[in-house]
Amino acid sequence: MTQTPTTGGPSFWWQQTGLPPRRAALSGDTTAQVCIIGAGYTGLWTALSLIAARPDLDILIVEAEFAGFGASGRNGGWLTGGFAWSHARYAATSSEGAVRAMVAAMNGTVAEIIRHCAALGIDAEITPTDELLVATNLAQWQRLQAEHRHRSAWGEADRLRLLSAEDTATRITMPGTMGALEISGVARIQPAKLAAGLARAAERLGIRMAEGTRVTAIAPGLVTTERGRVAAETILRCTEGFTATLPGHRRDLLPLNSAQIITEPLPAETWAQIGWHGHEIIGDFAHSYCYCQRTPDGRIAFGGRGTPYRYGSGLDTNGHPDAATFAQLTTRLHRLFPATSTARIEHAWCGTLGVPRDWCAGVAFDPATRIGHAGGYVGVGVATANLAGRTLAALTLGTDDPLTRLPWVNRTPRTWEPEPLRWLGLHGTYAAYALADRAEARGGPPSRLAEWVNWAVGR
């Protein structure tokens with residue numbers, strides 16, 4: 001079936017809501033007590049946390065495009081509160097108890113965001129639900145069981161449940177299903193509505209925002225932009241996948257690409273064949289995993305990596321995924337949900353997320369320079385940004401807060417390798433994952449190749 005979807009732009013989510021009116025750019029030099037760079041989830045949650053603790057603070061957010069332009073408005077709408085990084089890596093620089101405290105803090109973010117949205121009057125179409133990670137072959141099923149044991153041992157046993165193939169079939173029908181991992185306490189959201197709502201709430205509380213204002217340099221006490229300079233006592237960088245565009249930060253966070261497609265609204269008979277009667281967020285346990293949600297108007301939003309990385313830490317062109325990525329996502333959608341094979345794909349888009357060299361998110365603040373930053377969420381930023389924002393605010397204010405003692409605070413992972421090593425490493429990694437997935441789909445055991453690659457790249 002020939003498909004001519006809309007491609008590019010910020011995302012389907014923004015197309016659905018309509019782009020917000022642009023706020024004014026900076027109009028020359030100015031001052032602020034706190035200057036936050038980036039008006040995504042992290043910057044907005046940081047600003048809201050600061051103003052809640054100190055209503056008198058003069059806070060200015062500077063944003064190159066508009067609030068929610070980046071990953072905050074392009075993601076798959078998974079609000080999970082899961083701990084998605086290496087427990088052992090954090091424990092090596094702190095303690096087992098500190099890591100367990102971070103697991104608990106992450107698990108609490110979903111309820112925290114729901115509570116704040118209710119208090120701030122933000123309608124982000126938040127639907128509490130479960131996450132289902134489905135194993136569609138024996139290797140995935142073995143890996144899934146190992147993940148269940150691992151996460152249970154680190155304090156998440158009360159939100160995890162293994163489902164048999166029969167139990168899974170009552171929730172979703174996917175070819176080859178051997179079982180699933182059910183994770184409770186998650187939610188589905190409309191990402192752009194959350195970003196827009198947070199930005200409006202920030203403005204109502206007196207936080208200034210300058211959009212269309214690209215930062216060109218950061219130094220203690222001074223943020224230089226194309227529209228003027230900001231003299232600020234405190235500077236907080238919340239730029240995630242766009243960090244590599246800032247001078248001196250090209251190798252701090254690697255901008256990893258992620259892409260999505262979304263179907264037309266599906267008829268009732270198609271949903272009956274898929275068996276997806278609830279609103280669970282759904283993924284698989286492949287190495288090149290996917291992430292899906294059923295939207296309120298009856299579409300499937302289906303995401304995955306596609307082309308993982310552009311040479312030189314390059315960014316996408318206005319959110320347009322390449323043809324190979326579109327084809328790959330469409331093929332995987334049809335393989336996992338065969339009933340969608342005749343459904344029209346209405347929109348395809350992509351964006352970038354930030355990846356540290358050790359694949360572990362971090363929050364940092366230097367009291368001497370009063371410069372801080374947060375990010376490197378490796379694709380699970382919807383909930384993580386809230387915890388990061390609250391942590392960064394506590395560090396900024398110097399409060400005695402348990403958040404400031406979590407093991408992701410003030411870690412210093414090494415930077416990424418120079419080119420062409422970055423490009424070769426990332427493309428080789430995802431090529432190996434594709435080979436491993438194909439071998440496992442033929443009935444093979446969990447791939448040693450994928451295990452070796454994970455070790456080699458530090459995942």
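**Points about the packing of aromatic side chains**
At step 1: Applying the stated rule across the entire model yields 14 aromatic pairs.
At step 2: Ring centres 5.7 Å apart and planes at 75° place the aromatic pair Phe 12 and Trp 13 in the edge-to-face group.
At step 3: Residue Phe 12 is classed as buried on the basis of its relative accessible area of 3%.
At step 4: Take Trp 13: its relative accessible area is 1%, and that puts it in the buried class.
At step 5: Linked through ring pairs, Trp 14, Phe 66, Phe 69 and Phe 242 together constitute an aromatic cluster.
At step 6: Residue placement shows Arg 294 over the ring face of Trp 271; its charged tip is 3.8 Å from the ring centre.

**A look at the pairing of strand β18 (residues 371–375)**
At step 1: The sheet contact formed by strand β11 (residues 228–237) and β18 spans three bridges and is parallel. Residue pairing in the sheet places Leu 236 in a bridge with Gly 372 of β18.
At step 2: Remark: four residues form the turn of the hairpin made by strand β17 (residues 362–366) and β18, two consecutive strands paired antiparallel; Arg 370 in that turn has positive phi of roughly 55°.

**Some thoughts on unusual backbone geometry**
At step 1: For the peptide bond that leads from Glu 419 to Pro 420, omega is 5°, which places it in the cis range.
At step 2: Mapped onto the secondary structure, Pro 420 falls in the loop between α11 (381–397) and α12 (421–441).
At step 3: The backbone of Ser 313 shows a phi angle near 60°, a positive value even though the residue is not glycine.
At step 4: Within the fold, Ser 313 resides in the loop between β15 (300–304) and α10 (323–336).
At step 5: Residue class for Ser 313 comes out buried when judged on its relative accessible area of 5%.
At step 6: Even without a glycine there, the phi angle at Asn 410 is positive, about 60°.
At step 7: Note on placement: Asn 410 falls in the loop between α11 and α12.
At step 8: For Asn 410, a relative accessible area of 43% gives the class partly exposed.

**Notes on the layout of surface pockets**
At step 1: Its volume calculated, the second largest pocket comes out at about 550 Å³.
At step 2: Lining the second largest pocket are 23 residues, and of these Ser 288, Arg 332, Arg 335, Ala 434 and Asp 437 sit closest to its centre.
At step 3: Of all elements in the fold, only α10 and α12 reach the threshold of two or more residues within the lining of the second largest pocket.
At step 4: With seven residues, the top contributor of residues to the lining of the second largest pocket is α12.
At step 5: By residue class, the composition of the lining of the second largest pocket is nine nonpolar, eight polar and six charged.

**Quick notes on the pattern of salt bridges**
At step 1: By the definition in use, this model includes 27 salt bridges.
At step 2: Ionic pairing is found between Arg 151 and Glu 156, a salt bridge with its closest N-O pair at 3.1 Å.
At step 3: Judged by its relative accessible area of 8%, Arg 151 falls in the buried class.
At step 4: Owing to a relative accessible area of 0%, Glu 156 belongs among the buried residues under this scheme.
At step 5: Put simply, Glu 264 and Arg 344 hold a salt bridge, and the shortest N to O gap is 2.9 Å.

**Thoughts on empty space enclosed by the protein**
At step 1: Across all of its chains, the model carries two cavities of 30 Å³ or more by this definition.
At step 2: Of the volumes computed, that of the largest cavity is approximately 60 Å³.
At step 3: Surrounding the largest cavity, Asn 257, Ser 258, Ala 259, Arg 305, Thr 307, Arg 310, Pro 321, Asp 322, Thr 325 and Cys 350 form its lining.
At step 4: In this structure, the second largest cavity spans a volume of roughly 30 Å³.

What counts as what
- Residues numbered from 1 in each chain as written.
- Predicted model: local features only at pLDDT ≥ 70, side-chain atom pairs only at ≥ 80, totals over all residues.
- Heavy atoms only, no water.
- Phe/Tyr/Trp six-rings, centres within 6.5 Å; stacked < 30°, edge-to-face > 60°.
- Buried < 20%, exposed > 50% of the residue type's maximum accessible area, 1.4 Å probe, protein only.
- Lys NZ or Arg CZ within 6 Å of the ring centre and 35° of its normal.
- Pairing = 2+ DSSP bridges.
- Helix = DSSP H or I, 4+ residues; strand = E, 2+ residues; numbered from the N terminus.
- 1 Å grid on protein atoms, 1.4 Å probe; cavity = no way out; pocket = protein on both sides within 12 Å on 5 of 7 lines; lining within 4 Å.
- Points joined across faces, edges and corners; volume = space filled by probe spheres on them.
- Nonpolar A, V, L, I, M, F, W, Y, C, P; charged D, E, K, R; others polar.
- Salt bridge = Lys/Arg side-chain N within 4 Å of Asp/Glu carboxyl O.

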